[in-house]
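The chain contents come next:
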Number of protein chains: 2
Amino acid sequence: MNQPPVSRATMGRLPLYLRYLQSIRDHAENTSAAALSRALGLGKVQVRKDLNAVSGAGRPKIGYNTAELIDDIAAYLAADSDSGGVILVGAGKLGRALLDYGGFRDYGLDIDAAFDIAVAEPCESQSGKPIYPMDDLDWYCRTHPPVIGILTVPASAAQNACNTLIAHGVRGIWCFAPCTLSVPDDFPVRYENMALSLAYLRKKI
Amino acid sequence: MNQPPVSRATMGRLPLYLRYLQSIRDHAENTSAAALSRALGLGKVQVRKDLNAVSGAGRPKIGYNTAELIDDIAAYLAADSDSGGVILVGAGKLGRALLDYGGFRDYGLDIDAAFDIAVAEPCESQSGKPIYPMDDLDWYCRTHPPVIGILTVPASAAQNACNTLIAHGVRGIWCFAPCTLSVPDDFPVRYENMALSLAYLRKKI
């Protein structure tokens, strides 16, 4: 899969296409941008652009082969999921909510395990995901190399946890702690500040 | 408080200024953009711009009166908190994590109550917030007019819940369901798609 970069907006719509296509696959061998546009309430140009970014299944006058399009979108979404795992540090309320959140699977992703300094013995989240003591991180990462680390620790613990994750091979961080991390140049970090999001919405009213 | 609109980036830094200023207030009657810039690792021009957006406490050659600046930032952050509440619909894992999340208080906000269709009798979250049956929403909103509604329901239930919230006076919605809501023109909705955020970070690696 050597596709050009796909925008965040396009990626947001891919699961919609996928679910709809799966619902029609048994009775529609082919489909068109116009049909998808009507069914999903999206612009036809947008649909065409979205699909062309991840699939070569479009044929002039015929449209898209439904099965091929499903395979291409699913392959794009799942593209990198077997090249390394996702782990989370900080199994408090937010950490556990993310750990047990099923929606990541829409994008072929899932959080594999969590680590917490306050956990003395390995245990399980409500949905059965493993939660390990922080000391087990080193052992775990040797057998399950992670690529993404999620930080749901307090701000005061975030930089330390970030350093540990990077030392263990993580190549991107999703940070829920309200702080700014020091990371190597061009190292991808996505910050999520829940409190700020709500405050900003409040001010817009 | 008739301040000009403050950017999301500035709002993100206000709690940092506030916490730092509170830590020095007992031994520093005045402070300066330069001192704040050094202490917080931010650009001096940025500090000055941030503070001038919410405070008139700056004086040429003297700098900022620490106590006055604290009051202005705190007042800005808390400005609208008593003009209506925040309620949440959908008290599943993510809903409860948000309900019990303490960080909103940095912005003078908090979630007052949650509602869930699967709750038969009023109960409490782990931190003691009330969770009511969905049928109690009407009664609750009459005595506690809400301004913001948070949707942590499945996508299939989101539009209905959104309509109910708007009918009960909510003027802004924070939507965690992976869907697009139909709302009146210019009605503020902030969408939060956790799965997409992780997927997008994954693709950037």
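Residues numbered from 1 in each chain as written. Chains lettered and ligands numbered in written order. Predicted model: local features only at pLDDT ≥ 70, side-chain atom pairs only at ≥ 80, totals over all residues. Heavy atoms only, no water.

A. Inspection of the overall build of chain A at higher detail. Within chain A, the secondary structure is distributed over 8 helices and 10 strands. The dimensions of chain A, computed from C-alpha atoms along their principal axes, are 60 × 45 × 35 Å. The burial tally for chain A puts 47% of its 205 residues in the buried class. Counting contacts in chain A only where the partners sit at least 6 residues apart, residues at least 24 apart contribute 52% of the total. For chain A, the computed accessible surface area is about 9,800 Å², with 50% contributed by carbon and sulfur atoms. Between the averaged position of the 20 positive side-chain charges in chain A and that of its 21 negative side-chain charges there is a distance of 13 Å. (Helix = DSSP H or I, 4+ residues; strand = E, 2+ residues; numbered from the N terminus. Buried < 20%, exposed > 50% of the residue type's maximum accessible area, 1.4 Å probe, protein only. Contact = heavy atoms within 4.5 Å. Areas by Shrake-Rupley, 256 points an atom, 1.4 Å probe, with all protein chains shown as cover. Lys, Arg positive; Asp, Glu negative; His and termini not counted. Charge placed at Lys NZ, Arg CZ, Asp CG, Glu CD.)

B. Focus on the relation of the copies chain A and chain B. Of the transformation placing chain A onto chain B, the axial shift is 0.0 Å and the rotation is 180 degrees, giving an RMSD of 0.0 Å. In symmetry terms, the pair is related by a two-fold rotation axis. Judged by C-alpha distance, Ala-97 of chain A is the residue of chain A that lies nearest the rotation axis, at 3.2 Å. By residue overlap, the copies meet face to face through one surface: 100% of the interface positions of chain A are interface positions in chain B. (Least-squares fit on C-alpha atoms with pLDDT ≥ 70 in both.)

C. View of the packing of aromatic side chains. Inspection of the entire model under this criterion finds 16 aromatic pairs over all chains. Counting every residue linked through ring pairs, the aromatic cluster contains Tyr-101, Phe-104, Trp-174 and Phe-176 of chain A. The aromatic ring of Tyr-76 of chain B is capped on one face by Lys-203 of chain A, whose charged end is 3.7 Å from the ring centroid. (Phe/Tyr/Trp six-rings, centres within 6.5 Å; stacked < 30°, edge-to-face > 60°. Lys NZ or Arg CZ within 6 Å of the ring centre and 35° of its normal.)

D. Representation of the nonpolar core within the structure. Counting 92 residues, the largest nonpolar core has Ile-73 of chain A together with Ile-73 of chain B as its most contacted members. Sequence-distant contacts of Ile-73 of chain B, defined by excluding residues within four places in its chain, comprise Leu-14, Tyr-17, Leu-18, Leu-21, Leu-51 and Val-54 of chain B. (Core = buried A, V, L, I, M, F, W, Y, C linked by side-chain atoms within 4.5 Å.)

E. Structural view of the interface of chain A and chain B. In this complex, chain A contributes 44 residues to the contact, which on the side of chain B involves 44 residues. Both sides together, the interface formed by chain A and chain B hides about 4,700 Å², and carbon and sulfur atoms give 72% of it. Interface area lost by chain A to chain B is led by Leu-198, Arg-202 and Lys-203 of chain A, which between them contribute 16%. The interface formed by chain A and chain B holds 0 salt bridges in total. The interface formed by chain A and chain B holds 6 residue pairs in polar contact (both at pLDDT 80 or more) in total. For the side of chain A that touches chain B, the elements supplying multiple residues, two or more each, are α1 (8–24), α4 (66–78), α5 (93–99), β8 (146–151), β9 (172–175) and α8 (194–204) of chain A. It is α8 of chain A that provides the largest number of residues to the side of chain A that touches chain B, a total of 10 residues. Taken together, the residues that form the side of chain A that touches chain B break down as 27 nonpolar, 8 polar and 9 charged. (Buried area = accessible area lost by both parts, 1.4 Å probe. Salt bridge = Lys/Arg side-chain N within 4 Å of Asp/Glu carboxyl O. Polar contact = N/O pair within 3.5 Å; in protein donor to acceptor, adjacent residues only side chain to side chain. Nonpolar A, V, L, I, M, F, W, Y, C, P; charged D, E, K, R; others polar.)

F. Region of interest: the environment of Trp-139 of chain A. For Trp-139 of chain A, the location among the structural elements is in helix α6 (residues 137–143). When the C-alpha positions of Trp-139 of chain A and Gln-159 of chain A are compared, they lie 21 Å apart, and in sequence the two are 20 residues distant.

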